[in-house]
Amino acid sequence: MSQRRQNRTVGEDISVAENAIKECVRYIFYREGSKIPIKRSEILKHLQNVCETPSNQVNTVIAEANKVLKTVYGYKLVQVDGKSGVQYIVVLNKESQSLPSACTDPEQRRLLVAVLIHIYMSGGPVKEDDMWKFLAEAGLLEETDYAGRKALISTMTKQMYLLYTKVGDGELARNVFEWGQRAIEEVPKIFLLNKLAQAFNKDPDYWCEQYKEATNGT
C-alpha cells in the first residue's frame with residue numbers, strides 16, 4: 001500500500017472516530033434531559049446504529065466524550081452501579097453552590113430539597129413512615145398526596161437522587177430513604193445547610209457536626 005493511501009486511511013479513521021465522539025456527546029446530552037441513568041449498552045447500540053462504531057472501540061469513544069463534556073461543557077460522566085450492567089449519570093464537573101435544576105416542577109424540587117435535608121440532619125437512613133410524618137408536619141406533603149409520594153419513591157429514585165430500600169426481615173422490615181448516587185455527586189451539603197439556616201433564622205454553624213462535614217467536603 002502506498003504512503004498516500006496509508007495517509008488517507010489514517011485520516012479517514014480519525015474522522016470516523018471524531019464523528020463517533022461528537023455523536024456520543026450529543027446522545028448523552030439528549031438522554032440526560034430525563035435524569036435517568038444511561039446504560040452503556042444503550043450508548044453502544046446507538047453508536048453502532050448511527051456511526052457503525054465497533055464494540056471494542058466504545059470504551060475509548062466514551063472516555064473521549066467525557067473529556068469533551070468536562071472541557072467544553074463543564075460536566076462529567078460518573079459510572080454507577082446498575083442491575084443490568086454499567087450505567088452513567090451526568091453531573092457538574094465542579095462543585096456547585098446550589099442544587100442543579102432536576103425538576104421542571106418547582107414543588108417537586110422543593111420536596112426533594114426538604115427530603116435530602118431531613119436525611120442529612122438525621123445522620124442516616126430515614127424510615128418511610130418517619131419521612132411522611134416529617135413532610136406532613138412541615139406542610140410540604142399531605143398524607144393523601146399519593147402523587148407526591150410517588151414522585152419520591154419512583155421518579156427521584158430512578159433519577160438516583162434518592163435510594164428507597166427495604167431493611168430488616170419479617171414484621172421488622174421497613175422501607176427507608178437514603179441519599180442516592182446523584183445527590184452524593186452533585187448536591188452541596190452546605191447549600192442544604194444554608195437553606196435550613198434561613199428557615200430557622202440561624203447561622204449554618206449552629207449545627208456544628210453537619211457544618212464541619214459540609215465545609216470539609218465530606
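Computed from a predicted model, the values in this text were never measured in an experiment.

Rules used in this analysis
- Residues numbered from 1 in each chain as written.
- Predicted model: local features only at pLDDT ≥ 70, side-chain atom pairs only at ≥ 80, totals over all residues.
- Heavy atoms only, no water.
- Helix = DSSP H or I, 4+ residues; strand = E, 2+ residues; numbered from the N terminus.
- Buried < 20%, exposed > 50% of the residue type's maximum accessible area, 1.4 Å probe, protein only.
- Contact = heavy atoms within 4.5 Å.
- Areas by Shrake-Rupley, 256 points an atom, 1.4 Å probe, with all protein chains shown as cover.
- 1 Å grid on protein atoms, 1.4 Å probe; cavity = no way out; pocket = protein on both sides within 12 Å on 5 of 7 lines; lining within 4 Å.
- Points joined across faces, edges and corners; volume = space filled by probe spheres on them.
- Nonpolar A, V, L, I, M, F, W, Y, C, P; charged D, E, K, R; others polar.
- Pairing = 2+ DSSP bridges.
- Axes fitted to C-alpha atoms, helices over the stretch in contact; angles between N-to-C directions.

(A) Representation of the overall build of the protein. Each helix and strand counted, the protein has nine helices and six strands in total. Within the protein, the fraction of its 218 residues that count as buried is 37%. Nonlocal contacts in the protein, meaning residues at least 24 apart in sequence, comprise 51% of its contacts between residues at least 6 apart. For the protein, the accessible surface area stands at approximately 13,400 Å², while carbon and sulfur atoms represent 48% of it.

(B) Seen up close, empty space enclosed by the protein. The tally for this structure, following the rule as stated, stands at one cavity of 30 Å³ or more. In this model, the largest cavity occupies a volume close to 30 Å³. Looking at the largest cavity, the residues that line it are W132, A136, L141, E142, E143 and R149. Looking at the lining of the largest cavity, its residues break down into three nonpolar, no polar and three charged.

(C) Local environment of the sheet that holds strand 5 (residues 162-167). A sheet is described by the order of its strands in space; here three strands give the open sequence 4-6-5, paired in antiparallel fashion. Where the open sheet ends on each side, the last strands, each with one partner, are strand 4 (126-127) and strand 5. Pairing of strand 5 with strand 6 (residues 174-179) involves six bridges; the strand directions are antiparallel. By the bridge assignment for strand 6, Y164 is matched with F177. Here helix 4 (residues 106-122) sits on the sheet in contact with strand 4, strand 5 and strand 6, set at roughly 100° to strand 6.

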